[in-house]
Every structure is written in structure tokens, then in C-alpha cells.
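# Geometric and topological summary
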Amino acid sequence: MMTDHGSGYACVYASVYEKALADSGAFWLDAAAGIDWVTPPTTALDSQNAPFHRWFPDGEMNTCHNAVDRHVAAGRGDQNAIIYDSPITGTAYNLTFAELQQATARFAGMLRRYGVRTGDRVIIYMPMIPEAVVAMLGCARLGAVHSVVFGGFAAAELAKRIDDCQPKVIISASCGHEPNRIVDYKPLLDEAITLSQHKPGTCVIYQREAVIASLVDGRDVEWHAAHEGAEELAPVTLKSTDPLYILYTSGTTGQPKGVVRDNGGHAVALNWSMPHIYDTQPGEVYWAASDIGWVVGHSYITYAPLIAGCSTVLFEGKPIGTPDAGVFWRIIQDHNVKVLFTAPTAFRAIKRADPAAELLQHYDISSLEYLFLAGERADPDTIIWAQEKLGVPVIDHWWQTETGWSICANPMGIEALPVKLGSPSVAMPGYEIDILDDAGKPLGPDELGAIAVKLPLPPSCLPTIWGADDAFVEKYLTNFPGYYETGDAGYRDADGYLYIMARTDDVINVAGHRLSTGQLEEVLADHPDVAECAVIGVADDLKGQLPLGLICLYPNCAKPAREVCAEAVDLVKSRVGRVSAFNQIVVIDRLPKTRSGKVLRATMAKIADNVDWTMPATIDDPVILDEITTALQSIGYAK
Ligand code: COA
Ligand code: AMP
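Residues numbered from 1 in each chain as written. Chains lettered and ligands numbered in written order. Predicted model: local features only at pLDDT ≥ 70, side-chain atom pairs only at ≥ 80, totals over all residues. Heavy atoms only, no water.

### With respect to the confidence of the model for the protein chain
Looking at the protein chain, the pLDDT average stands at 95 and 98% of residues meet or exceed 70. Every residue in residues 1-10 is under pLDDT 50, and counting partners more than four places away or in other chains gives 20 contacts. (pLDDT = per-residue confidence, 0-100. Contact = heavy atoms within 4.5 Å.)

### Quick word on the packing of helix H4 (residues 97-113) against helix H5 (residues 130-142)
One can describe the packing of H4 onto H5 by two numbers: an axis separation of 8 Å at closest approach and a directional angle of 65 degrees. At the point where H4 passes H5, the crossing takes the right-handed sense. Where H4 approaches H5, its residues Leu100, Gln101, Ala103, Thr104, Ala105, Phe107, Ala108, Leu111 and Arg112 are matched on the opposing element by Val134, Ala135, Leu137, Gly138, Cys139, Arg141 and Leu142. Its residues assigned to classes, the contact of H4 with H5 comprises eleven nonpolar, three polar and two charged. (Axes fitted to C-alpha atoms, helices over the stretch in contact; angles between N-to-C directions. Helix = DSSP H or I, 4+ residues; strand = E, 2+ residues; numbered from the N terminus. Left-handed = near helix turned anticlockwise from the far one by under 90°. Nonpolar A, V, L, I, M, F, W, Y, C, P; charged D, E, K, R; others polar.)

### Digging into the site of ligand 2
The local shell around ligand 2 holds 15 residues, among which His397, Thr401, Asp488, Arg503 and Arg514 are the closest. Within the backbone of Gly375, one N or O atom sits 3.1 Å away from a nitrogen atom of ligand 2. A distance of 2.6 Å separates an oxygen atom of ligand 2 from a polar side-chain atom of Arg514. Across the complex, the protein chains shield 92% of the 500 Å² of accessible surface that ligand 2 would expose by itself. Residue composition of the shell around ligand 2, grouped by class: four nonpolar, five polar and six charged. (Near = heavy atom within 4 Å. Polar contact = N/O pair within 3.5 Å; in protein donor to acceptor, adjacent residues only side chain to side chain. Areas by Shrake-Rupley, 256 points an atom, 1.4 Å probe, with all protein chains shown as cover.)

### Some thoughts on the site of ligand 1
Lining the immediate surroundings of ligand 1 are 22 residues, of which Glu178, Arg181, Pro319, Lys543 and Arg578 lie closest. Surface burial for ligand 1 is 84%, taken as the share of its 930 Å² of free accessible area covered by protein chains. Going through the elements one at a time, strand E10 (181-184) and helix H12 (344-353) are the ones with two or more residues in the shell around ligand 1. Classifying every residue of the shell around ligand 1 gives ten nonpolar, six polar and six charged.

### Quick notes on helix H11 (residues 327-335)
Within H11, seven of the nine residues are buried, which leaves it mostly tucked inside the rest of the structure. Every buried residue of H11 is accounted for by Val327, Phe328, Trp329, Arg330, Ile331, Ile332 and His335. Residues of H11 that are buried in the fold lie against strand E4 (80-86), strand E16 (285-288), strand E17 (311-315), strand E18 (337-342), H12 and helix H13 (380-390). Looking at the residues trailing H11, positive phi occurs at Asn336, about 60 degrees. (Buried < 20%, exposed > 50% of the residue type's maximum accessible area, 1.4 Å probe, protein only.)

### Brief notes about helix H2 (residues 24-32)
The complete set of buried residues in H2 reads Gly25, Phe27, Trp28, Asp30, Ala31 and Ala32. On the buried face of H2, the contacting elements are helix H1 (13-22), strand E2 (54-55) and helix H9 (264-276).

### Notes on the packing of aromatic side chains
Tallied over the full model, the rule gives 37 aromatic pairs. Seen from their ring centres, Tyr278 and Tyr300 are 4.9 Å apart, and the 55 degrees between their planes marks the pair as tilted. Placement of the pair is Tyr278 in the loop between H9 and E16 and Tyr300 in helix H10 (residues 295-307), with a sequence separation of 22 residues. A residue is classified by how much of its surface remains accessible, and Tyr278, at 0% relative accessible area, is buried. Residue class for Tyr300 comes out buried when judged on its relative accessible area of 0%. With 6.0 Å between their ring centres and 50 degrees between their planes, Tyr370 and Phe372 make a pair best called tilted. By the burial criterion, Tyr370 is buried, and Phe372 matches it. In textbook terms, an aromatic cluster arises when at least three aromatic residues are bridged by ring pairs, as seen for Phe27, Trp28, Trp37, Trp55, Phe56, Trp272, Trp405 and Tyr431. (Phe/Tyr/Trp six-rings, centres within 6.5 Å; stacked < 30°, edge-to-face > 60°.)

Below, the structure written as C-alpha cells:
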């Protein structure tokens, strides 16, 4: 048990949680003392414009200063800030806090030279290299709002994000490295800019060794050339409520939602999370094996560890195949990692490749104290395997792009609560959770319903969707007035442990990545031979879920069905990206629907997974489900 940060008394989970509930203003102002402010906040929360709540409205600060400069000033200049290890390219080197300070200062000066001012947007479309983190922090230093786009998305997805946030500058690289191929980023970027209505003024391109990209005259500039002679900028003073970044995430349609993160609330919550949830102190090594394109990467590769004065590992590789299923153990040993955070799918991949964890024998992982898992449901088999092989607590925790830190966790720095397999444990301070029925009535223990969080949400949670206040209210705050609707369904047991069972919307989770089935359907429907379609998530041993398309062809379709399926798969990969993992389609005669025309996706998913299902009372024609079952069986499901 540790001493509560800021208030100096020993505490256990329940007392901390109750304290945040009883007087959230005092609780979060106390936590805010862990951050350097230019103007310390006197007020915790501004709810004058509810349901738009703003944290620390009169506070002024800079996130990059908190992640970098303050540690240099405190004597940590020589400590590693970024530990870069890229087994995929055979490269490894570190950046100290002093080096990171200089790099971000020059990056900010470079951006300003290209006309970027506080509040302007900058898209970062980069592989997992230290320059990507420098770019994020350099934007934060200047007060430019970054939007990182994951490298596995196709040009059309990048174009949507360019049009939505209208960046003045795009930062990219010539290529990324996947185990079996090189991903040429630059042609994707060029295509995206051709597709988008908005055109960025400048693209700064980091040329990697494997590919030298050709640059567009007058628009593109090479990374080092762009930096030449750039002034080193001091962090700009920003309002706590100013936006730090926009991160797009899948919703129910093809249009991604731009989740906005503020500066002050985000820094305070993330700084609080490091000692209290992850039991990690300044100077220790923290490794989130994710990608900076996802929220886990934003919060726990870049911001939280650095704000807390830890060293963060930036890993460019995969859990298997770079070169083998021992790479995680090698990284832990080589860099003295105390906490590893990844998605369960990474451990399922390792377990499948090396079931007895024989490769572990070659490494000393005694520095490791915790494994944290999130991003998807952590199946008990994987947790037990990891517990047995690693001999450390394995902690499942639940959160979303929208919140930026965990809604439920087992707070290792406050009190190690008993682990219950299948549960990400209990609500974190500031999250007042109810399980609601369809009418919005709170349900009792063990009753399944929609998981909702009472407003106001704690610091770091999204204040709105970029440029779409109405959509924010409609998507999250309308179904259950007074609550934020998480989109997850589940239940809470009598001890207050949450169990996350399913999404209530058309979002599926593939290898810890969130995908919209609606988005995939929009692309499939664009194929000229596809009359109707549905996409469902089917269970997969490795990735948790995989998308499966069901298509009905026009009666006059002249092509063989197999050809249409192959074209449709290619269409999805080229429009959405390889990250969709979309490889399976089955052709059917008609889709099962309710009498009002709603496609019965959930029923089809249950049939595919061969779990209990009941005939929907409102089904139009029950016979169709027999046809669907036969079709699914023909491709190995519904057995
Ligand atoms: N740039 C370009 N393409 C990318 C990419 C990137 N940054 N990341 C993934 N892709 C591609 C992959 O090459 C793959 O293409 P392919 O199907 O044509 O081979 C496709 O997108 C799907 O990627 P992924 O779902 O990651 O599957 P995988 O088979 O390459 O790897 C795992 C499977 C389990 C090893 C991998 O998902 C993993 O490491 N997961 C760790 C957890 C994680 O990162 N979670 C994120 C949130 S915490
Ligand atoms: P993302 O916003 O991409 O991080 O995805 C968030 C979604 O992933 C959540 O709404 C859940 O559906 C799922 N998720 C994340 N963490 C967990 C977890 N620990 N257990 C179950 N589902 C999770």
C-alpha cells in the first residue's frame, strides 16, 4: 500500500473512491497538485454549460512541459525518456529527457515556421519511431492539436480525417515495417490528399532507410531539412481546457468520431493513474506494447509515463515473428521493464506460438512486477497462462478511447484487490457507474444491462466530439439522460466488480482494435454486384473477434460468387485498410430481418458462434435462419 499522492494519508481503495465521490472538486484539485501549472486552478469543474463539463477552467499549463521540461528541471535530464527498440529493423537507441526537450523544442519551432499556430491541427501519420512521439509532444508544446492516424488505415480513411480536422501540416514517414512487408506510407498519404477536399499546406516526411519517398515540390519537405535552423521554442501557456489532441474512433457509421482530449484534465488524470493504478514511480520503466495510433499508445506510450517521469518503451515489432515469441521477455530483460501493458490478443499469440513458454527460460524477467491487459475482453485462459508463466499479478482493466484512462481497474498502487477472472475489477475514482435497463432504470447485482457513467465524467474524458457538439450529445448523452452511455453491456456483482459482456452498438473488437460493422457494410454495399449485406463479429481464438460479411447478390449478377467475394474483400482492404482483418464473406439469398426491416445481426453472430440464441419474436421469416445456419456451416461456423 502506498501513501496517497498529494494528501499524505494511507488509504485503501474504498476510501479513495468514496472521497472522490463525496467531494470530487477537492479530490481532483488535490490530484492537480501533481502537475506543474503556470496558473494553478482554483476551481475543479465548470458545469455552467452542462452537459459540456470542463475541468480546471481557470488553470493554465502546458502538457509538453509536464512530460518533458519539468523533469529536466528536476534533475532527470540524463534519464532515458524514450527507450526505442525495433526488432523489426534491428535498431535500438534511447532519448534522454534533455534530448527530448531539445527535439520537441525544435519540432515546435519548425511547425511555427510552417505557419502553425496554437489551436491549428496537425495530422501525424507515422510508424512506431521516436520521431512520432517527438511530433506529438512538439505539437503539445506549441498548442497545436495533433491527430495521430494509425498506419494500418487506408488512404480513404486518412482522407476522412484530413477533411474533418483540416490540418495545416501533416507529419509522416516514407514507410512502416510489418513482419512480412514494407508499408509505403507516402503513396497512401498522396492518395489521401488527392481524395480529401481540404489540402494541408505542408507535409513533413521522415525518410527511413528502407524507402526514400519522392516528395511533392512546394508541399513536401524532408524532416531534417524542415528542422534546419528552426528556433527552439519554449512551451506555450495554454488553458487547461484547450484541446491537446483529436483521436478518431469507430462509431456505428463510416464516419469516425473525433474524440477530443483537453490538456489539464488529461494530464491530471494520467499523472494520478501512474502511481495509483500502475504502482509506478518516477525513474521506473513502463512499457505499453501497443501503437501510438490507438488510445493506449497516446495515454500509456507517450503521455502518462512521461508526465510521471518514467522511461517509456517504444516497441516497433510484434509479439511473435520479430523474431519469435520470446521478444517480449527480451525487451523486459534488456530494458528493466517494471510494468507491461498490452492487449490480451498479444498474449494469446505468444501462448499459441510457445505454449510452454520455453523461450522464457532464456531471459531474466525479474524486473517485471505487473502485467496489465486492456482493449478487449481478457479471457480467463490467457490470464491464467500469463499468471503461471510470468509469476506476477495479471490485471485486466477496462477503458475506451473516449475516457483516455481506465473506468474500471484493480488499483495496484492503492490496494491490490482480489482478482476475479473475467472482470476488470472495480470503478476508478470519479466514475459513478450504473447498469441500466432499456428504460434507464438502474439494475441490481448480477443483472445484465447497458453500462453507463453518471455525469459529469472525471478528468481526461472527452469534453466533446471535434466540431460536432450535437453528435456528442446524441451519441453518448441522449439514451440515458444524466449519464454517459459507454456502448458496452454487462453486469456488476455484489462486490462491485464489473463484467463487460458485449457492445450495445455495431462495434466489434478485432485484436484489440475497434471496428465499425456499419463502416464495413457501407464499403461492401458499394460493390456493384452486392444487393444487400451485413457484417457481424464472429469469435476468434487469436484476435477475439473477426469480421464476417454476409452478402446477397443481384439476381442478374454475371460473375461467379467466388469472384465477387474476392473483389469485395479487396474493396474493404483498399478503402478501410488491412487493419480491418476482413477476409471472410459468405453469399446468402436473403438477410434475416425484423418485420420493421432491421437486420438481425446479433442473432446471426450467436448462430455463427454456436451459443444459445432465441428466435426473435419480431422476425419476418424464421426459415431464413436455417438457410443462414447452413451457409455459416459451409465456412466452418455454427458448428
Ligand atoms: N501499418 C500498416 N499495416 C498494419 C499496421 C501498421 N501500423 N498494423 C497492422 N497492420 C496490418 C497487418 O500487417 C495485418 O495485415 P495482413 O492481414 O495483410 O497481414 C493487418 O493490418 C491486421 O493486423 P493485426 O490485427 O495487428 O494482425 P496481425 O496478424 O498482424 O498480428 C497480433 C496479430 C495479435 C500479433 C497483433 O494484433 C498484435 O500485436 N496485437 C497487440 C495488441 C495491440 O496492438 N492492441 C492495440 C490496442 S491495445
Ligand atoms: P477502444 O476505444 O478502441 O480502446 O475500445 C474500447 C472498447 O474496447 C470498450 O468499449 C470495450 O468494448 C472494449 N474493451 C476495452 N477494454 C476492455 C476490457 N478490459 N474488457 C472488455 N472489453 C474491453
